[in-house]
Structures are given as structure tokens and as C-alpha cells.
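Here is how the chains run, residue by residue.
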Amino acid sequence: YLCRNNGFSMDQRIFKRAMDIIGSLIGIIILSPFMLLTAVAIKAYDRGPVFFKQARLTQDGREFGIIKFRSMCIESEKNGAQLAKKHDDRITPVGRLIRKIHFDEIPQLFNILKGDMSIVGPRPERQEIASQYEEIIPEFRYRLKVKAGLTGYAQVYGKYNTTPYDKLKLDLTYIENYSVWMDIKILFLTFKILFQKENTEGVDQNQTTAIK
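The shown structure was predicted, so the numbers you read here are calculated from the model rather than taken from an experiment. (Residues numbered from 1 in each chain as written. Predicted model: local features only at pLDDT ≥ 70, side-chain atom pairs only at ≥ 80, totals over all residues. Heavy atoms only, no water.)

Asker: Can you lay out the overall build of the chain for me, pointing to particular residues and giving the numbers?
Answerer: Scanning the chain from terminus to terminus reveals seven helices and four strands. For the chain, the succession of helices and strands along the chain, N to C, is α-β-β-α-α-β-α-β-α-α-α. Buried positions account for 47% of the 212 residues belonging to the chain. In the chain, the share of contacts with a sequence separation of at least 24, taken over all contacts with a separation of at least 6, comes to 75%. Total accessible area on the chain is roughly 11400 Å²; 61% of this is exposed by carbon and sulfur atoms. (Helix = DSSP H or I, 4+ residues; strand = E, 2+ residues; numbered from the N terminus. Buried < 20%, exposed > 50% of the residue type's maximum accessible area, 1.4 Å probe, protein only. Contact = heavy atoms within 4.5 Å. Areas by Shrake-Rupley, 256 points an atom, 1.4 Å probe, with all protein chains shown as cover.)

Asker: Could you give an account of the nonpolar core, with specific residues and numbers?
Answerer: Counting residues in hydrophobic clusters, the biggest one holds 34 residues, and the most contacted among them are F8, F69, Y153, Y174, I175 and I186. No other element matches the five residues that helix α6 (residues 164-176) contributes to this core. Look past the residues within four positions of F8 in its chain and what remains in contact with it is R13, K16, V146, Y174, I175 and Y178. (Core = buried A, V, L, I, M, F, W, Y, C linked by side-chain atoms within 4.5 Å.)

If you want it as C-alpha cells, here you go:
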């Protein structure tokens, strides 16, 4: 997979981009009432910002500002970059609910429409965390041959706290075997796992990344 990992062909990229534009527009229109309710709930809880913007990596290692509904307290990263933990006390009550049903991810539809992300692809990592993974697994950067995704192969067959090595294998499997039908299958599987608690659990208390 590493040797043959050249990303997608031109016709695959064109078709995938068209699918992203149509899908994100439909999603924004349908989910706009839920986005409004979520925004009101976040603002009413602690009067803090509704959205949380963070630098993430996408195709070819380019950084972009990912947009999410804020699910943690305002000063959640005063001690540096770290993944959410199980029973993380930084998560607000509203945030716990929207994370459980994945509503915190909805604003990423605007990232998809803009072209920074795709509907299906490897989940975007932070540079600080990706660098730690690459110290142990240099091949981890091969995930960046394609755009980051809102959902993906590693998300439906793995979990939030899946190890970097397993995440790499899953993402490379997706890139190497990509097809339109695979994207459609992943979308259906995404709906299936939306309410599975184990898919949203954070890392253990003694971890800051998914490295065991």
C-alpha cells in the first residue's frame, strides 16, 4: 500500500469534488434548523463562543481551519494540544450531548463546501499530534495523499481512540481501494454507528494522544 499510494486519479478527484459540493449543500440546508438550536444551547450555557476553530492537516500536509461546534470549556487547551479523554471534565454538559450524537461535527460541512475537506476521507489530525505519531510511524504522513474527511474508513471500522498504526492501515486501505461505491457504503455505515457510545469514547486518562 505504501509503494502504490499515489492518491486518486484525476477523474476520481473531479467526481468526488462534485459529490462533496452537492452533498454539503444538501446537508447544510437540511441540518440548518438543528445547527441553530445547537448554537443557541451552547451560547446559553456559558455565553462563550459557539464555534471552535482549530488548525488541522489535509491533502499534502496543508493546514486549514476546521470548524466545529464548541463542546469544551473556553480554556480547554491551556495545557497544550491533547485528545479528549474518557470522562473528560473539560467537556460541558451541552458538549457531552452534541458529541454523543456527533452534532459538534456538522459545521465541517462548510469546510467541505469550501474544498478543504471531503465528505469521506482520513480524519484530519493536528500538526502537533501528527508529528508525535510520525516519530514512531514515519509512514503516517501517507494518509495525506487525499483530502481529510468528515467520515471515513478508519472512522467506521475504528474508533476515536484507535491507535495511529491501525488508523494508518485503515486509511491506506481506503485510498488504495477507493471507488464511488465504497464512499456510499461508508456513508451508510456512518449513519449506523452514529449512536454507538464506543465510537465517541476518548483516550485513557494517562494519554494525550492515541499512542498506547
